[in-house]
Amino acid sequence: MAKKTVEPKTEEEVIKRLPFKKEEKVIKETAAMLLKSLSIEEDFAVTEVEDGAEILLDTADNGILIGYHGEVLEALQLILSLAIAKKLGYFLRISIEVGEYKKNRSSYLETIAFSAKERALTENREIPLPNLKSWERRLVHVLLQNDEDVMSESIGEGRERTLVIKPKV
């Protein structure tokens, strides 16, 4: 993701928002503490991205941090986001990139999304993409948000939530 200044959306966020240097310090301290508690003492980098911050980490324990289908990674992001929000006083989306897992997964999802788009148009029906994590569904929605031929929609609740790509009427 490109480095960009995060613009607060409400007047309240404008008042509460800290400069990124202060946020970065809180993020680094909190992430270091979490990783140390997991016996992972690797260096990591924090960068500001459009919708929050990204932590770049590469360790010998990548597989353990990612977990089965990225479930451990997703849980770590949530825990870290909540701990940081408690310290900052507002929520800041935290993304953890471990060993290029998300980069590789994003490329794969882009291929799947455009393949599903072509199927939806060819077969003139909805094409479901089940079993996606929330960040994966979000990525597909963003990829297709300005598409003139298809639209995407998430349906269902919790783990049963499914992304559907369908032709525009």
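The coordinates are above.
Residues numbered from 1 in each chain as written. Predicted model: local features only at pLDDT ≥ 70, side-chain atom pairs only at ≥ 80, totals over all residues. Heavy atoms only, no water.

On to helix H6 (residues 134-144). Residues spaced three or four apart along an α-helix face the same direction, because each turn holds 3.6 residues. Among all positions in H6, only Trp135, Glu136, Arg137, Val140 and Leu144 are buried. Summarising the contacts, the buried residues of H6 are in contact with helix H5 (101-123), strand S5 (150-155) and strand S6 (162-167). (Buried < 20%, exposed > 50% of the residue type's maximum accessible area, 1.4 Å probe, protein only. Helix = DSSP H or I, 4+ residues; strand = E, 2+ residues; numbered from the N terminus. Contact = heavy atoms within 4.5 Å.)

If you look at the biggest cluster of nonpolar residues, it comprises 22 residues, and the most contacted ones within it are Ile27, Ile55, Leu80, Ile84, Ile94 and Ile96. At the level of elements, helix H2 (20-37), strand S2 (52-57), helix H3 (62-66), helix H4 (71-88) and strand S3 (93-98) are the ones that each hand at least two residues to this core. When sequence neighbours within four positions are dropped, the list of residues in contact with Ile27 reads Phe20, Val46, Ala53, Ile55, Ile84, Leu92 and Ile94. (Core = buried A, V, L, I, M, F, W, Y, C linked by side-chain atoms within 4.5 Å.)

Turning to the packing of H2 against H4, a few remarks are in order. Where H2 contacts H4, the axes come no closer than 10 Å and their chain directions differ by 130°. With respect to H4, the element H2 is oriented oblique. The handedness of the crossing between H2 and H4 is right-handed. Judged by residue contacts, Glu23, Val26, Ile27, Thr30, Ala31, Met33 and Leu34 of H2 engage Leu76, Leu80, Ala83, Ile84, Lys87 and Leu88 from H4. Across the contact of H2 with H4, the residue classes break down as ten nonpolar, one polar and two charged. (Axes fitted to C-alpha atoms, helices over the stretch in contact; angles between N-to-C directions. Parallel < 35°, antiparallel > 145°, perpendicular 65-115°, else oblique. Left-handed = near helix turned anticlockwise from the far one by under 90°. Nonpolar A, V, L, I, M, F, W, Y, C, P; charged D, E, K, R; others polar.)

In sheet architecture, strand pairing relies on hydrogen bonds along the backbone and comes in two forms, parallel and antiparallel. Reading across from one edge, S4-S6-S5 is the order of the three strands in this open sheet, with antiparallel pairing throughout. Lying at the two open borders of the sheet, with one neighbouring strand each, are strand S4 (127-129) and S5. Taken pair by pair, the neighbouring strands of this sheet meet at an average axis angle of 25°, ignoring direction. Two elements, S4 and S6, share three bridges in a ladder whose sense is antiparallel. Bridge pairing links Pro128 to Val164 in S6. Sheet strands in contact with H5 are S4, S5 and S6, and its direction is about 45° off that of S6. Contacts from H6 reach S5 and S6, with the element oriented near 160° to S5. (Pairing = 2+ DSSP bridges.)

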